[in-house]
Amino acid sequence: EKDGKKELHHLEQAVIGGHPRARYNLGLIEEKNGRMGRAVKHWIIAAKLGHDYSVDALKDSYEDGLVSKEDFASALRAHQAA
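This structure is a prediction, so every number in the text was calculated from the model and none was measured.

Enquirer: Residue-level account of the environment of E31, with values.
Expert: By the secondary structure assignment, E31 is in helix α2 (residues 20-32). Along the primary structure E31 and H10 are separated by 21 residues, whereas in three dimensions their C-alpha atoms are 18 Å apart. Excluding residues that lie within four positions of it along the chain, E31 makes contacts with M36, A39 and W43.

Enquirer: An account of helix α4 (residues 52-63) is needed here, citing residue identities and associated values.
Expert: Here α4 spans 17 Å end to end across 12 residues, near enough to the 16 Å set by a 1.5 Å rise per residue. All of the buried residues in α4 are S54, V55, A57, L58 and S61. The arc that holds every buried residue of α4, seen down its axis, measures 160°, which confines them to one face. Away from its buried face, by an angle of more than 90 degrees, α4 presents the exposed residues Y53 and E63. Of the surrounding secondary structure, the elements contacted by the buried residues of α4 are α2, α3 (36-48) and α5 (69-81). Just beyond α4, the residue with positive phi is G65, at close to 80°.

Enquirer: Can you break down helix α1 (residues 2-16) residue by residue, with the values?
Expert: Between the first and last C-alpha of α1 there are 21 Å, a value that for 15 residues agrees with the 21 Å anticipated at 1.5 Å per step. Backbone geometry just after α1 places G18 at a positive phi near 90°.

Enquirer: Break down the nonpolar core for me, with residues and values.
Expert: Membership of the largest hydrophobic core is limited to 12 residues, which are Y24, A39, V40, W43, I44, A47, V55, A57, L58, V67, F72 and A75. Put simply, the parts of the chain that give this core at least two residues each are α3, α4 and α5. Broken down by element, this core gets its largest block of residues, five residues, from α3. Sequence-distant contacts of V55, that is, excluding residues within four places in its chain, are made with A47, F72, L76 and H79.

Enquirer: So what about the packing of aromatic side chains? Which residues, and what values?
Expert: Describing an aromatic ring pair means giving the distance of the ring centres and the angle of the ring planes. What the rule picks out here adds up to two aromatic pairs. When the ring of Y24 is compared with that of Y53, the centres are 6.2 Å apart and the planes differ by 40°; the resulting orientation is tilted. Of this pair, Y24 sits in helix α2 while Y53 sits in helix α4, placing them 29 residues apart in sequence. What makes Y53 exposed here is its relative accessible area of 55%. Taken together, a centroid distance of 5.1 Å and an interplanar angle of 10° make the contact between Y62 and F72 stacked. Of the two residues, Y62 sits in helix α4 while F72 sits in helix α5, which places them 10 residues apart along the sequence. Its relative accessible area of 32% is what places Y62 among the partly exposed residues. The exposure class assigned to F72 is buried, which follows from its relative accessible area of 16%.

Conventions used here
Residues numbered from 1 in each chain as written. Predicted model: local features only at pLDDT ≥ 70, side-chain atom pairs only at ≥ 80, totals over all residues. Heavy atoms only, no water. Helix = DSSP H or I, 4+ residues; strand = E, 2+ residues; numbered from the N terminus. Contact = heavy atoms within 4.5 Å. Expected span 1.5 Å × (residues − 1). Buried < 20%, exposed > 50% of the residue type's maximum accessible area, 1.4 Å probe, protein only. Arc of directions from axis to C-beta. Core = buried A, V, L, I, M, F, W, Y, C linked by side-chain atoms within 4.5 Å. Phe/Tyr/Trp six-rings, centres within 6.5 Å; stacked < 30°, edge-to-face > 60°.

See the structure below:
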């Protein structure tokens, strides 16, 4: 459990540093813990920073009705511009 907390701490530090892959991974952890709202927020930010896997996660979430059309379209436009 200590290693898990340490991993989470370092992941959060990377997110603060602006690393999109870390934000994507934090979204995966939130998804695993059943906090889909938080997971989607992490993926939107990572997608806007140009992270490809985050776009895929958002697409799946959009298909499941967890992301609005507007939020998905906005993240996709920002991803393409990144």
